Number of protein chains: 2
Amino acid sequence: MELYAEHGFEQTTAAEIAERAGVTERTFFRHFADKREVLFAGSSDLQDAVVSAIGAAPAGVKPIDAVLAAMEMGASLLPNREYSRQRAAVIAANPSLQERELLKFSTLADAVAEALRRRGVPNLTASLAAEAGVTVFKIGFETWIADDSTGDFAQCIRDALDQLKALTAGA
Amino acid sequence: MELYAEHGFEQTTAAEIAERAGVTERTFFRHFADKREVLFAGSSDLQDAVVSAIGAAPAGVKPIDAVLAAMEMGASLLPNREYSRQRAAVIAANPSLQERELLKFSTLADAVAEALRRRGVPNLTASLAAEAGVTVFKIGFETWIADDSTGDFAQCIRDALDQLKALTAGA
DNA sequence: TACGCTGATGTCAGTTGCTGTCATCAGCGT
DNA sequence: ACGCTGATGACAGCAACTGACATCAGCGTA
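Model, not experiment: these values are computed from the prediction.

Student: Quick one: what's the story with the protein's contact with DNA strand C, residue by residue and with numbers?
Tutor: Residues in close proximity to DNA strand C total 16 residues, the closest being Arg26(A), Lys35(A), Thr24(B), Thr27(B) and Arg30(B). The sugar-phosphate backbone supplies 53% of the atoms of DNA strand C found within 4 Å of the protein. Within the side chain of Arg26(A), an N or O atom sits 2.7 Å from a base oxygen of DNA strand C. In the environment of DNA strand C, a phosphate oxygen lies 2.8 Å from a nitrogen or oxygen atom belonging to the side chain of His31(B). Sorting the residues of the surface near DNA strand C by element identifies α3 (25-31) of chain A together with α3 (25-31) of chain B as the ones contributing at least two each. Residues belonging to the surface near DNA strand C are distributed by class as follows: four nonpolar, five polar and seven charged.

Student: Run through helix α8 (residues 123-145) of chain A, naming residues and quoting values.
Tutor: With 23 residues, α8(A) should cover 33 Å at 1.5 Å per step; its first-to-last C-alpha distance of 33 Å lies within 8% of that length. Of all 23 residues that make up α8(A), 19 are buried, and the element is covered over most of its length.

Student: Tell me about the environment of Glu101(B), and name the residues and values.
Tutor: All names here are of chain B. With respect to the helices and strands, Glu-101 occurs in helix α7 (residues 95-118). Judged by its relative accessible area of 23%, Glu-101 falls in the partly exposed class. Filtering out sequence-adjacent residues up to four positions away, Glu-101 remains in contact with Phe-40, Arg-87 and Ile-91.

Student: Describe the protein's contact with DNA strand D, listing the residues and the values that go with them.
Tutor: Surveying the vicinity of DNA strand D reveals 16 residues, the closest of which are Thr27(A), Arg30(A), His31(A), Arg26(B) and Lys35(B). Of all atoms in DNA strand D that approach within 4 Å of the protein, 56% are sugar or phosphate atoms. One of the backbone nitrogen or oxygen atoms of Ala14(B) is found 3.3 Å away from a phosphate oxygen of DNA strand D. A distance of 2.8 Å separates a base oxygen of DNA strand D from a polar atom in the side chain of Arg26(B). Put simply, the parts of the chain that give the surface near DNA strand D at least two residues each are α3 of chain A together with α3 of chain B. Considering only residue class, the surface near DNA strand D consists of four nonpolar, five polar and seven charged.

Student: Tell me about the relation of the copies chain B and chain A, residues and numbers included.
Tutor: After a rotation of 180° and a shift along the axis of 0.0 Å, chain B superposes on chain A with an RMSD of 0.0 Å. What the rotation and shift describe, once combined, is the action of a two-fold rotation axis. Taking C-alpha positions as the reference, the residue of chain B nearest the rotation axis is Glu99(B), at 2.5 Å.

Student: A description of the packing of aromatic side chains should follow, citing residues and the corresponding values.
Tutor: All chains considered together, the criterion is met by 16 aromatic pairs over all chains. A connected cluster of aromatic rings, assembled from ring pairs, spans Phe105(A), Phe137(A), Phe141(A), Trp144(A) and Phe153(A). Here Lys35(B) stacks its cationic end above the ring of Phe9(B), 4.4 Å away from the centre of that ring.

Quick notes on the rules
- Residues numbered from 1 in each chain as written.
- Chains lettered and ligands numbered in written order.
- Predicted model: local features only at pLDDT ≥ 70, side-chain atom pairs only at ≥ 80, totals over all residues.
- Heavy atoms only, no water.
- Near = heavy atom within 4 Å.
- Polar contact = N/O pair within 3.5 Å; in protein donor to acceptor, adjacent residues only side chain to side chain.
- Helix = DSSP H or I, 4+ residues; strand = E, 2+ residues; numbered from the N terminus.
- Nonpolar A, V, L, I, M, F, W, Y, C, P; charged D, E, K, R; others polar.
- Expected span 1.5 Å × (residues − 1).
- Buried < 20%, exposed > 50% of the residue type's maximum accessible area, 1.4 Å probe, protein only.
- Contact = heavy atoms within 4.5 Å.
- Least-squares fit on C-alpha atoms with pLDDT ≥ 70 in both.
- Phe/Tyr/Trp six-rings, centres within 6.5 Å; stacked < 30°, edge-to-face > 60°.
- Lys NZ or Arg CZ within 6 Å of the ring centre and 35° of its normal.

Written out as structure tokens, the structure is:
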């Protein structure tokens, strides 16, 4: 993060990261699949928590509500706002990092959909609920780290879902 | 596409693609930013069509309906189902290609949101409507190329949106 | 026709991300 | 003391890209 924020992602070589960490470049690539993965090390923890939260929801809870609760819970696992903002800035400055982040979200959505299906939610419904959940998480995150944001992350997510509901409500 | 489908994406070198095309490797990289971009050459056409479709919607149309119409229109620009299926299989077999596809969809969503804002749609609403539209496009596409699919692409998209509406409807 | 401009291509060298392979070495149980 | 195992270092190598320069075809113009 230090090197990426200071010199930019592309200008930072793997050798420099390894040197800063006091190891060899080869060792660096044993710990991280590639240069980008460094910024997404904790994403599997988030996914595990969200998936287990879905599984722990009481029976009878509607899919979208189970997903919302899981996302709010996952929101509490993120680092503080200042760090999140800096990390987001690094990612926003580089397309290949955006690609990786999108893949992580996509993988998360697939895992959420799978967790819903295990609860008996039909195939298409599970996929759509999962995608909707990830979308409100993403948009809620953007709102949260925006300069004029005041509320907490979970509130931002709820607001986004309310907006989505209003949007899709038939006329 | 031929080489990717035959030997796989990673097993195909840029030199081989260039040779097949009768040009130098350097020339190949002058036409495509990287190895992956070959499979996404037409994505900007799709984006342009969708964005202009949003702009052409009659005033007073609700955002979600304008987006739906634009997505149905964009659906008609894709190649036939057999080719789309083969291309999807190549992408599904390689994570880095999935990343690129996700980035294209994300860029499309941003462009759609921007087009909505030009129509006076509020910021957050525009983002959510755009994301919802891309989601139903993606899920509709998956349904369309599924083995047991019968209807056309536009119908798959409408079905996905109907499901999403049912999902987000309050109890 | 000769000239000069422009855009596309070829050539070549170089950097960097990433990988396979083998040696080394610390820790740890027997 | 011995052997096993997991982590690391050392090294060579491949392939994706990039920058710089030369070449060449086409094309308008004097």
